[in-house]
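Architecture and fold: a report
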Amino acid sequence: MNRYAVIGAGPSGLAAARALQKQGIEFDGYESSHDVGGLWDINNPRSTMYESAHLISSRTTTEFDEFPMSGAADYPGHRVLHAYFQDYAHRFDLVPLFRFGTQVTRLEPRDGGWDVTADGPDGTRTRWYSGVLLANGTLAEPNVPSLPGSFSGELMHASQYKTAVQLAGKRVLVVGAGNSGCDIAVDAVHHAASVDLSVRRGYYFVPRYLFGRPSDTLNRGRPLPARLKQAVDSQVLRAFTGDPARFGFPKPDYRIYESHPVVNTLVLDHLGQGDLRIRADIDRLDNRTVHFRDGSSGEYDLVLLATGYRLDYPFVDREHLHWRGAAPRLFLNIFPPSFNGLYTVGMIEASGIGWQGRSEQADLLAGYLAAVERNPDVALRFRERVAGKPWPDLSGGYRYLQLDRMAHYVNKDAYRAAVRRENQALNAT
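So, here's what we can say about the structure. Every value quoted in this text rests on a predicted model; they were computed, and no experiment measured them.

In this section: the pattern of salt bridges. Pairing of side chains with opposite charge becomes possible as their charged atoms draw close. With the rule as written, the count across this model stands at 25 salt bridges. Where Asp115 meets Arg110, a salt bridge forms, and the shortest distance between an N and an O atom there is 2.7 Å. With relative accessibility at 14%, the residue Asp115 sits in the buried group. When its relative accessible area of 37% is taken as the criterion, Arg110 is described as partly exposed. Within the structure, one salt-bridge network assembled from shared partners comprises Arg3, Glu26, Asp28 and Arg99.

As a further point, take the nonpolar core. Membership of the largest hydrophobic core comes to 92 residues, with the highest contact counts inside it found for Leu133, Phe249 and Phe335. Sequence-distant contacts of Phe335, that is, excluding residues within four places in its chain, are made with Leu330, Tyr343, Leu364, Leu365, Tyr368 and Phe382. Counting residues in each nonpolar core, the second largest holds 21 residues, with Ile7, Tyr313, Val316 and Leu342 among its members.

In this structure the tally under the stated criterion is 36 aromatic pairs. Seen in terms of ring centroids, Phe67 and Tyr88 are 5.7 Å apart; in terms of plane orientation they differ by 80°. Their pairing is edge-to-face. Here the residue Phe67 occupies a position in the loop between helix H2 (59-62) and helix H3 (78-91), and Tyr88 occupies one in helix H3, the gap between them amounting to 21 residues. Since its relative accessible area comes to 17%, Phe67 is described here as buried. Taking the centre distance of 5.1 Å and the plane angle of 65° together, the rings of Tyr88 and Phe92 count as edge-to-face. Relative accessible area serves as the criterion here: at 0%, Tyr88 is assigned to the buried category. Cluster of aromatic residues (ring-pair linked, three or more members): Trp40, Phe64, Phe67, Tyr84, Phe85, Tyr88, Phe92 and Trp355.

Scoring rules and cut-offs
Residues numbered from 1 in each chain as written. Predicted model: local features only at pLDDT ≥ 70, side-chain atom pairs only at ≥ 80, totals over all residues. Heavy atoms only, no water. Salt bridge = Lys/Arg side-chain N within 4 Å of Asp/Glu carboxyl O. Buried < 20%, exposed > 50% of the residue type's maximum accessible area, 1.4 Å probe, protein only. Core = buried A, V, L, I, M, F, W, Y, C linked by side-chain atoms within 4.5 Å. Contact = heavy atoms within 4.5 Å. Phe/Tyr/Trp six-rings, centres within 6.5 Å; stacked < 30°, edge-to-face > 60°. Helix = DSSP H or I, 4+ residues; strand = E, 2+ residues; numbered from the N terminus.

Dropping the structure here:
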């Protein structure tokens, strides 16, 4: 019987473990930290979580369908979410299936499978598996831009930020106004001596609540065509949040949902109160002075880079995952076209896809692996479809920005529909 390795015990790793468990497929889980939860465990050394972090999608659109997050707030904080993953893992008896405190350091192909080398409590061990499911997360490796000049103050990435105490009394420049950047800027106004927000492009700001309900629960039926949804939601946002350009933001050079929207309107409140201000993109650093591209400058004690994260699978050579640019090129962001025994779970970013979307992804993969063992003809036909037919369009009609951080971005409705079709095809043959 084939045996697989699952790397990571965060949401995607737990989804993978649960999917394999349901199919009766044997596996060993590897987790470098002491507990389940991944980045949602703020005590995990690899976690990029900060004290004020909450879900930006609502509970009901994010939770696993088979394990509702009962009793939680609409937008729970990281400690509630960590407890949720602990409860999920215990409910389905997944904890004994993982080796905690064990870090995978190398994957090497051998004899049609993979040698997995890991450092754990018993030292360095190498074990052979029929295949490996990579679920080690997408938000752990900081994207640190190269800034011209030198800065004599403190320069940190948002991954190093944990609490607003780190900002107390400082002149702070936050670089980047995505969801983390805006969260940190809001934290900073209560503790820092001053707060500026350096932005390169415009953003769309979505309130957490519209018409008294979590905003992402309003259109959960049949999805609207992209252009119609963009037109309707743009009008709704103008009515609720106005034009962010009046606070100093550039006008977006793209339509709504062609990049991840910012689910934080508190930052607009603080801009309106004069608690922080918008600055242009950085031109260069000079001692404590930051020069901006519009010719202005400012003095700062701390420059905090909220510049996102990049995909990283450091323990396996890129050729095995068919990297193209900033992301591997995989069928449905899961299967390498070579079907070499490596698979990814959770290598998707999408507005509103939640953990259920990752669970469905894992179910498809587990269904394929079960077919490999029990019905090879079905598995062969799946591989032939992947090799011989055009891959589905996962954009849902949206023209996503051509940025590295968008390289693995999908539209949730298009993606889940494509996964559902493949699951049905597997089960029908």
